[in-house]
Amino acid sequence: MPFTIQPLTPAIGAVIEGVDLSQPMSDDLLQTVRQALLRHKVIFFQDQQLTPVQHRDFAARFGPLHTHPLYPGVPEAPELFILDNHAGNPTDNDAWHTDITFIETPPMGSILYAKRLPPLGGDTVWSDMKAAYEALSAPLRDFLAGLDAVHDFARGFPARGRVAGAAGAEKHTQALEAHPPVLHPVVRTHPETGADGLFVNYGFTERIKGLRRKESDAILSVLFAHIQQPEFLVRWRWTPNAVAFWDNRVTQHYAVNDYLPHQRIMNRATVLGDRPYHRSRMPAQVAAAAA
């Protein structure tokens, strides 16, 4: 099958055909896939037959992998983790979020592989943070670009939450201690494309630094609602053995929780990224490279 890229919406999402992710990928093909990811923000591959090791090895071509502090790992490839949701373990991902923003260097991307699907439902929706940012009024864009926000592990994984309960109190306490709150810019400049996009999410963003709590809550509520506009979204109906690869630096996503009591099992690899910044406060090493 020839290599093709079929966009799904004007803003976000594309299906790539003619690529077997189980096979070693040439540098040229890898660069083509990376460029498609940068252009479309989330890309999909169908009918892939991947072992956990092959899934991990494909993800590792894009950078070092993150190991999640709470979710169970895949035995053959512990860098992957398992999302196994059913009536006894409902999903905790049915909220808009950007992955792992509770660390200093949040992921550049995540790669999700469908292992078992319900007969109906279980879609995932992604939102384009570049399009969402550009749709704001110019005065609001300028105001937000100078702000930082607190991202907190405890907000996304509270002690009484399902993921913490499944992991156990000791493991959750250790993870909480290892991940104190961090600051990230409210508007992030993409390190590869140079585009600006919103970088706050309901899952982990606790407050905007420097604002009174009521002010912060009001602005975040506006932004959390704003990013859900249909013009920014792509909704993916999973098929067996499909793969989704999204740019975590410029997207948010939502796992639709409409399939219980049926089971949905996914394996995920998470590729680490770099420290977020805004162009107005560019880190020294990036400024030097751009000069």
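Values in this document were obtained by computation on a predicted structure and should not be read as measured data.

Draft legend 1. Spotlight on the sheet that holds strand E2 (residues 14-17). A sheet is described by the order of its strands in space; here 8 strands give the open sequence E1-E2-E3-E14-E6-E16-E5-E4, paired in mixed fashion. The two strands at the open ends of the sheet, each matched to only one other strand, are strand E1 (4-7) and strand E4 (73-74). By the bridge criterion, 2 bridges tie E4 to strand E5 (residues 77-85) in an arrangement that is antiparallel. Of the residues in E5, the one forming a bridge with Val74 is Ala77. Across the sheet, helix H1 (residues 27-40) is in contact with E1, E2, strand E3 (42-45), strand E6 (107-116) and strand E14 (243-247); its angle to E3 comes to roughly 130°. Its contacts with the sheet place helix H2 (residues 52-60) against E4, E5, E6, E14 and strand E16 (264-272), and it is angled at close to 115° to E5.

Draft legend 2. Quick look at the pattern of salt bridges. Throughout the structure, instances matching the rule amount to 16 salt bridges. A salt bridge links Asp27 to Arg61; the shortest N-O distance between them is 3.0 Å. Taken as a pair, Asp27 in helix H1 and Arg61 in the loop between H2 and E4 lie far apart in primary sequence, 34 residues in all. Judged by its relative accessible area of 60%, Asp27 is exposed.

Draft legend 3. Representation of empty space enclosed by the protein in the model. Following the criterion strictly, the structure yields 2 cavities of 30 Å³ or more and no others. Approximately 30 Å³ is the volume attributed to the second largest cavity. Every residue along the wall of the second largest cavity is listed here: Lys130, Arg188, Thr189, His190, Ala195, Asp196, Gly197, Arg249 and Val250. Put simply, the parts of the chain that give the lining of the second largest cavity at least two residues each are strand E10 (187-189) and strand E11 (196-198). Looking at the lining of the second largest cavity, its residues break down into 2 nonpolar, 3 polar and 4 charged.

Rules used throughout
Residues numbered from 1 in each chain as written. Predicted model: local features only at pLDDT ≥ 70, side-chain atom pairs only at ≥ 80, totals over all residues. Heavy atoms only, no water. Pairing = 2+ DSSP bridges. Helix = DSSP H or I, 4+ residues; strand = E, 2+ residues; numbered from the N terminus. Contact = heavy atoms within 4.5 Å. Axes fitted to C-alpha atoms, helices over the stretch in contact; angles between N-to-C directions. Salt bridge = Lys/Arg side-chain N within 4 Å of Asp/Glu carboxyl O. Buried < 20%, exposed > 50% of the residue type's maximum accessible area, 1.4 Å probe, protein only. 1 Å grid on protein atoms, 1.4 Å probe; cavity = no way out; pocket = protein on both sides within 12 Å on 5 of 7 lines; lining within 4 Å. Points joined across faces, edges and corners; volume = space filled by probe spheres on them. Nonpolar A, V, L, I, M, F, W, Y, C, P; charged D, E, K, R; others polar.

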